[in-house]
Amino acid sequence: MTLIKSISGIRGTIGGHAGDTLNPLDIVKFTSAYATFIRRSKKSDSNKIVVGRDARISGDMVKNVVCGTLMGMGYDVINIGLATTPTTELAVRMSGADGGIIITASHNSRHWNALKLLNNEGEFLTKDDGNEVLDIAESEDFDFADVDNLGKYKEDDTFDKRHIDSVLNLKLVDVEAIKKAGFKVVVDSINSVGGVILPDLLKALGVDYKFLNGEANGDFAHNPEPIEKNLGGIMGELAKGGYDLGIVVDPDVDRLAFICEDGKMFGEEYTLVSVADYVLSNTPGNTVSNLSSTRALRDVTIKHGGVYTPAAVGEVNVTTKMKDVHAVIGGEGNGGVIYPESHYGRDALVGIALFLSNLAHKGCSISQLRATYPEYCIAKNRIDLTPSTDVDAILVKVKEMYGKEKDVTVTDIDGVKLDFPNKWVHLRKSNTEPIIRVYSEAATMDEADALGKKLMQVVYDMQ
């Protein structure tokens, strides 16, 4: 049983002893702390907070507790119901709300749920703001409204359509080209809100579709993380032939992966790369991704005359860096596309529309498109830590060891990343588990894995 508190919100398994899991008592406490923070920050006077949720089995229970608590804090609640994370983010802006709470545990299994906290721009809280919410929760420094000042409650189911309309109106989304291409696709929406909104998006784009796991009942048919080992069903469906591509989203539809027409993975790392290639070919500029993302984005950015900048892992770190360098596109290698022309948040709907526009313009198959990008492979390993392990000291030693080498560039904004001429390795301490994540990339998987294992041995020798 697990409860994790972080700057982005609170996450945990459902059921069990109070204080050890995500239970109604902790939901009330953290919702109250968030409402108190929003009140004190005084970014607007709307007195409204948006609440949206994915289709998890526990979602209805958590939503009821969240909405009731917000009303008890004197806030008017706009419940947008079953909604994607990007839809909820946009709903905050579109409704002029003070903030928003997304009830989703993203790619985690059905036992988990979480509260993700948004500011009045519909963006995740900064590190400082998140820490302030944690401090308020710890001290329980909040006051509830009296009977004459309780918040009001309303439901609004218009935001899916408004989200889709905003995507269709993006300058680089070529609806006519997509319709003319006549794509046939298979979609795996993993029994969550993708099955609610994506049919309407695909209809509007003139795409012929078939859904797998399309019922939004929260009873996930497989591990919901959209990576190859979990996607045998849709890969097998594509391998039968008759479709142009497969589309996969996670339960809250901020991550996006594609399957080629032959049933092979396009590669979730290449979702952002392909969308960025299309965006940069039309609007030259800079890009950002986190340190653990493929080098292919850097290569594509340079090809288009732009500057690539890495950011620390975490969506808010990526969006902050994107604003700093005026990036026209950015995101994360896990399939997260952030397109500022729409909003500063990972959005699979935006990614789908831009990807299909690119594919329609190129007039090629998705596997042929994939072949136009630099070929890299990422190996993902981990080092389990003991309670006595001094991770920070180990990372400092790694930095010192390799910082003296001429062909190595060291980046230490988030753990330690070592960039060699033709490969890289990134070591960072997990925020949620007693492990060091070791990601490495090279031209082949064997070479990438060997590099990761080499650095793992360096760490083992230090313990």
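Throughout what follows, the structure given in this document is the object of discussion.

Thresholds applied
- Residues numbered from 1 in each chain as written.
- Predicted model: local features only at pLDDT ≥ 70, side-chain atom pairs only at ≥ 80, totals over all residues.
- Heavy atoms only, no water.
- Helix = DSSP H or I, 4+ residues; strand = E, 2+ residues; numbered from the N terminus.
- Rg over C-alpha atoms; globule rule 2.2 N^0.38 Å.
- Buried < 20%, exposed > 50% of the residue type's maximum accessible area, 1.4 Å probe, protein only.
- Contact = heavy atoms within 4.5 Å.
- Areas by Shrake-Rupley, 256 points an atom, 1.4 Å probe, with all protein chains shown as cover.
- Lys, Arg positive; Asp, Glu negative; His and termini not counted.
- Charge placed at Lys NZ, Arg CZ, Asp CG, Glu CD.
- Pairing = 2+ DSSP bridges.
- Axes fitted to C-alpha atoms, helices over the stretch in contact; angles between N-to-C directions.
- Phe/Tyr/Trp six-rings, centres within 6.5 Å; stacked < 30°, edge-to-face > 60°.
- Lys NZ or Arg CZ within 6 Å of the ring centre and 35° of its normal.
- Right-handed = clockwise from strand over helix to strand, strands pointing away.
- Parallel < 35°, antiparallel > 145°, perpendicular 65-115°, else oblique.
- Left-handed = near helix turned anticlockwise from the far one by under 90°.
- Nonpolar A, V, L, I, M, F, W, Y, C, P; charged D, E, K, R; others polar.

1. Some points on the overall build of the protein chain
The helix and strand tally for the protein chain stands at 15 helices and 20 strands. In terms of C-alpha radius of gyration, the protein chain reaches 22 Å, essentially the compact-globule figure of 23 Å for 463 residues. Dimensions along the principal axes, computed over C-alpha positions, put the protein chain at roughly 65 × 60 × 40 Å. Looking at the protein chain as a whole, 57% of its 463 residues qualify as buried. Within the protein chain, residue pairs in contact and separated by at least 24 positions form 67% of the contacts whose partners lie at least 6 positions apart. Element-wise, carbon and sulfur atoms account for 49% of the exposed surface of the protein chain, whose accessible area totals about 18,700 Å². The centroid of the 50 positive side-chain charges in the protein chain is displaced by 3 Å from the centroid of its 66 negative side-chain charges.

2. Overview of the sheet that holds strand β7 (residues 153-155)
Strand order in the open sheet made by the seven strands is β1-β2-β6-β5-β3-β4-β7, with mixed pairing throughout. The open sheet has two free edges, formed respectively by β1 (3-6) and β7, since each of these has just one partner strand. On average, each strand axis in the sheet is inclined to that of its neighbour by 15°, with strand direction left out of account. Examined bridge by bridge, strand β4 (residues 76-82) and β7 share three bridges and lie parallel to one another. Bridge pairing in β7 links I78 to K154.

3. Quick word on the packing of aromatic side chains
For the coordinates displayed, the defined rule picks out six aromatic pairs. Where F258 meets F266, the ring centres are 6.3 Å apart and the plane angle is 90°; that geometry is what we call edge-to-face. Both residues of the pair, F258 and F266, count as buried. A ring pair is formed by Y402 and F420, whose centres lie 6.2 Å apart and whose planes are at 90°; its orientation type is edge-to-face. Pair noted here: Y402 is in helix α14 (residues 391-403) and F420 is in strand β18 (residues 416-420), with a separation of 18 residues, a long-range link. A cation sits over an aromatic face here: K184 above Y243, 5.6 Å from the ring centre. Note that K323 overlies the ring of Y344, its terminal NZ or CZ placed 5.0 Å from the centroid.

4. A few points about the pairing of strand β3 (residues 48-53)
Of all six residues making up β3, five are buried, and the element is well covered by its neighbours. Looking at chain direction, β3 and β4 are connected through six bridges and run parallel. Bridge pairing links G52 to G81 in β4. Running through helix α2 (residues 59-72), the crossover from β3 to the neighbouring parallel element β4 is right-handed. Where β3 meets strand β5 (residues 99-103), five bridges bridge the pair, whose relative direction is parallel.

5. A closer look at the packing of helix α5 (residues 159-168) against helix α7 (residues 194-204)
Between α5 and α7, whose axes approach to 10 Å, the crossing angle comes to 40°. The angle between α5 and α7 falls in the class oblique. At the point where α5 passes α7, the crossing takes the right-handed sense. Taking contact as the criterion, the partners of D160, H163, I164, V167 and L168 in α5 are, on α7, V196, I197, D200, L201 and A204. Grouping the amino acids of the contact of α5 with α7 by side-chain chemistry returns seven nonpolar, one polar and two charged.

6. As for the pairing of strand β19 (residues 423-429)
Of all seven residues making up β19, five are buried, and the element is well covered by its neighbours. With five bridges connecting them, β18 and β19 associate as antiparallel partners. Among the inter-strand pairings, D419 is bridged to a residue of β19, identified as W424. Counted along the chain from β18 to the antiparallel partner β19, the turn is two residues long. Where β19 and strand β20 (residues 435-442) come together, six bridges link them in antiparallel fashion. By the bridge assignment for β20, K429 is matched with I436.

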